[in-house]
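As a plain string of letters, each chain reads:
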Amino acid sequence: RDGSLLWSQDFDRNVEDPLDLQSDIAEGSVQALRLGTWFGRPTPMDKSFIPLPASLLPLLGFKKAVLPRPATVSSAAFDDYLRGHSLFEERTATAALDAIRCFERALREDPEFGLAKAALADVQFVLMDYDYEPTPILLARARAYAEDAVRTTPDLAEAHTALAAVQQTEWQFTRAEESYKTALRINPHFSMGHRWYA
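Conventions adopted
Residues numbered from 1 in each chain as written. Predicted model: local features only at pLDDT ≥ 70, side-chain atom pairs only at ≥ 80, totals over all residues. Heavy atoms only, no water. Axes fitted to C-alpha atoms, helices over the stretch in contact; angles between N-to-C directions. Helix = DSSP H or I, 4+ residues; strand = E, 2+ residues; numbered from the N terminus. Parallel < 35°, antiparallel > 145°, perpendicular 65-115°, else oblique. Left-handed = near helix turned anticlockwise from the far one by under 90°. Contact = heavy atoms within 4.5 Å. Phe/Tyr/Trp six-rings, centres within 6.5 Å; stacked < 30°, edge-to-face > 60°. Core = buried A, V, L, I, M, F, W, Y, C linked by side-chain atoms within 4.5 Å. Buried < 20%, exposed > 50% of the residue type's maximum accessible area, 1.4 Å probe, protein only. Expected span 1.5 Å × (residues − 1).

Can you explain the packing of helix H3 (residues 93-109) against helix H4 (residues 114-129)? Please cite residues and give values.
Put simply, H3 and H4 touch, their axes get as near as 9 Å, and they point 165 degrees apart. On the basis of the axis angle, H3 is roughly antiparallel to H4. Where H3 crosses over H4, the two elements pack in a sense that is left-handed. Contact with H3, carried on its side by Ala-93, Ala-96, Leu-97, Ala-99, Ile-100, Phe-103, Glu-104, Ala-106 and Leu-107, involves Ala-116, Lys-117, Ala-119, Leu-120, Val-123, Gln-124, Val-126 and Leu-127 of H4 and no other residues of that element.

Okay, here's the thing in structure tokens:
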């Protein structure tokens, strides 16, 4: 809040694996915030502040920060997912078809990538908006992807939201509400879950 420097560190990592770097940065940030509240915050000019080695933290009563499980360990799969998600947000039939190709590539890289499965369910609704195929076919496909996403990653809010959208479209309102509530219990900050539930 006061603009003081809490933590900085140099990382020497292979650019091919950004997910490991992201995890290390998150871990370092959490450690710095915990130490800052315990030892006091250093000022930006304080050259005497030296981060404690991670091996000493358990001796001082600090536990390793519990970070969320990464969505995938494959940076290629994650990159394809991000590209697909960007296309999905365009909400056009052409972009939706391109998004499907991206999500399918992501699943070829990581067959257990729940975010990509949930996104494949979500994108079927864009195709429904354009009457790309008969609704029962698209809805059955969306259900299969959503159920697979919930089965493989039951702790993923996106998976439960995708299933809720299918249930809602099938007029299963009680089940849809339960799935939306499950998604928001898992991740109360998931904006798409809030928007679709509303």
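Residues and numbers for the packing of aromatic side chains, please.
One pass over the full model with this rule turns up 5 aromatic pairs. Between Trp-171 and Phe-173, the aromatic rings sit 5.9 Å apart at their centres with planes inclined by 45 degrees, giving tilted as the arrangement. Pairwise contacts between aromatic rings join Phe-78, Tyr-81, Phe-103 and Phe-113 into one cluster.

Quick rundown of the nonpolar core? Include the residues and the values.
Counting residues in each nonpolar core, the largest one holds 44 residues, and the members touching the most others are Phe-113 and Phe-125. Elements supplying a minimum of two residues to this core: helix H2 (75-88), H3, H4, helix H5 (135-152), helix H6 (157-169), helix H7 (173-186) and helix H8 (191-197). It is H4 that contributes the most residues to this core, 11 residues altogether.

How would you explain H6 if you had to name every residue and give the values?
Since the α-helix packs 3.6 residues into each turn, any two residues three or four apart lie on the same face. For H6, built from 13 residues, the straight-helix expectation of 18 Å at 1.5 Å per residue is met to within 8% by its first-to-last C-alpha distance of 18 Å. With 11 of its 13 residues buried, H6 lies for the most part within the structure. If you check which residues of H6 are buried, you get Ala-157, Glu-158, Ala-159, His-160, Thr-161, Ala-162, Leu-163, Ala-164, Ala-165, Val-166 and Gln-167. Buried-residue contacts for H6 involve H4, H5, H7 and H8.

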